[in-house]
Amino acid sequence: VGGALEAGARVVILPELGLTGYSCADLFYQEALQQAARAGLEQLVEASRDWTALVVVGLPLQVRDRLYTVAAVVARGKLVGVVPKSWLPNSGEFYERRWFSPAETLSDMEFSFAGQAVPIGTDLLFEAANLPSLRLGIEICEDLWAVIPPSSGQALAGATALANLSASNA
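Residues numbered from 1 in each chain as written. Predicted model: local features only at pLDDT ≥ 70, side-chain atom pairs only at ≥ 80, totals over all residues. Heavy atoms only, no water.

**A closer look at the overall build of the protein chain**
Move 1: A count of helices and strands for the protein chain gives 4 helices and 9 strands.
Move 2: Secondary structure elements in the protein chain, listed N-terminal to C-terminal, are α-β-α-β-β-β-α-β-β-β-β-α-β.
Move 3: The C-alpha extent of the protein chain, read off along each of the three principal axes, is 40 × 35 × 30 Å.
Move 4: Expressed as a percentage of the 170 residues in the protein chain, the buried residues total 45%.
Move 5: Residue pairs in contact within the protein chain that sit at least 24 positions apart in sequence constitute 61% of those at least 6 positions apart.
Move 6: In the structure as shown, the protein chain presents an accessible area of about 8,600 Å², 52% of it carried by carbon and sulfur atoms.
Move 7: Across the protein chain, the 11 positively charged side chains and the 18 negatively charged ones have centroids separated by 4 Å. (Helix = DSSP H or I, 4+ residues; strand = E, 2+ residues; numbered from the N terminus. Buried < 20%, exposed > 50% of the residue type's maximum accessible area, 1.4 Å probe, protein only. Contact = heavy atoms within 4.5 Å. Areas by Shrake-Rupley, 256 points an atom, 1.4 Å probe, with all protein chains shown as cover. Lys, Arg positive; Asp, Glu negative; His and termini not counted. Charge placed at Lys NZ, Arg CZ, Asp CG, Glu CD.)

Here you go:
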């Protein structure tokens, strides 16, 4: 993130599952890995207090009794929202349904993170104080190839830019 900020980036998009890596496989079930990912997100949130950029990073996140692959949006020392992945590939070399639940199984519209209520969902749009024309919609990797991707609804709702966090198991 540091290099992007030094280069003047106002929005920084990091990979899907960027805090753990995509290829953790059954280790995604490990509480230690999940806690480390959450701690990494807490560190990123704290570090962002003085950043002018909006930062989006991927991680596995447990909400209630399910694990999701999500995009976490960080700005000015806050976790401002979380977008879960909708379409999980489950063929060939991809086994995401083994570890993660799709967004449609999420019944909550917010969850608690570091003592604050944080919105979670596929219909969220994000704004940056230093970019008044930006309304950022976010989806994750395979979501883009769905018949009607989450970004379609986000664009219709007023998104002016769309981001897609993507990674590979290779």
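So much for the structure itself; the text now carries on.
**What about the pairing of strand β8 (residues 131-140)?**
Every other side chain in a regular strand lies on the same face of the sheet, so the side chains alternate between the two faces.
Move 1: Burial within β8 is extensive, with 7 of its 10 residues counted as buried.
Move 2: Adjacent in sequence and paired antiparallel, strand β7 (residues 125-128) and β8 are bridged by 2 residues.
Move 3: Where β8 lies against strand β9 (residues 161-165), 5 bridges are found, and the strand directions are parallel. Each residue of the ladder has a partner; that of Gly-137, found in β9, is Leu-162. (Pairing = 2+ DSSP bridges.)

**What about the side chain of Gln-154?**
Move 1: Inspection of the secondary structure assignment puts Gln-154 in helix α4 (residues 150-156).
Move 2: Overall, Gln-154 belongs to the buried group, its relative accessible area being 3%.

**Here we look at the sheet that holds β8**
Move 1: Within the open sheet, the 3 strands sit side by side as β7-β8-β9. Their pairing is mixed. The open sheet terminates on both sides in strands that have one partner only, identified here as β7 and β9. On average, each strand axis in the sheet is tilted by 35° relative to the strand beside it, whichever way the strands run. (Axes fitted to C-alpha atoms, helices over the stretch in contact; angles between N-to-C directions.)

**Describing the sheet that holds strand β2 (residues 54-63)**
Adjacent strands of a sheet form backbone hydrogen bonds with each other and so pair up, either parallel or antiparallel.
Move 1: Strand order in this open sheet of 4 strands is β1-β2-β3-β4, and the pairing throughout is mixed. The two strands at the open ends of the sheet, each matched to only one other strand, are β1 (11-13) and β4 (78-84). The mean angle between the axes of side-by-side strands here comes to 35°, regardless of whether they run parallel or antiparallel.
Move 2: Where β2 meets strand β3 (residues 66-75), 9 bridges bridge the pair, whose relative direction is antiparallel. Following the sheet pairing, Gly-58 is matched in β3 by Ala-71.
Move 3: Set on the sheet, helix α2 (residues 31-47) makes contact with β2, β3 and β4; between it and β2 the angle comes to about 150°.

**Examining the packing of aromatic side chains**
Move 1: In the structure shown here, the tally under the stated rule is 3 aromatic pairs.
Move 2: Each member of the aromatic cluster is reached from another via a ring pair, and the members are Phe-28, Tyr-95, Trp-99 and Phe-100. (Phe/Tyr/Trp six-rings, centres within 6.5 Å; stacked < 30°, edge-to-face > 60°.)

**Let's talk about the pairing of β4**
Move 1: The buried fraction of β4 is high, at 5 of 7 residues.
Move 2: Here β3 runs beside β4; their pairing, made up of 6 bridges, is antiparallel. Each residue of the ladder has a partner; that of Ala-75, found in β4, is Lys-78.
Move 3: In sequence, β3 turns back onto β4 through a hairpin of 2 residues, with Arg-76 there showing a positive phi of about 50°.

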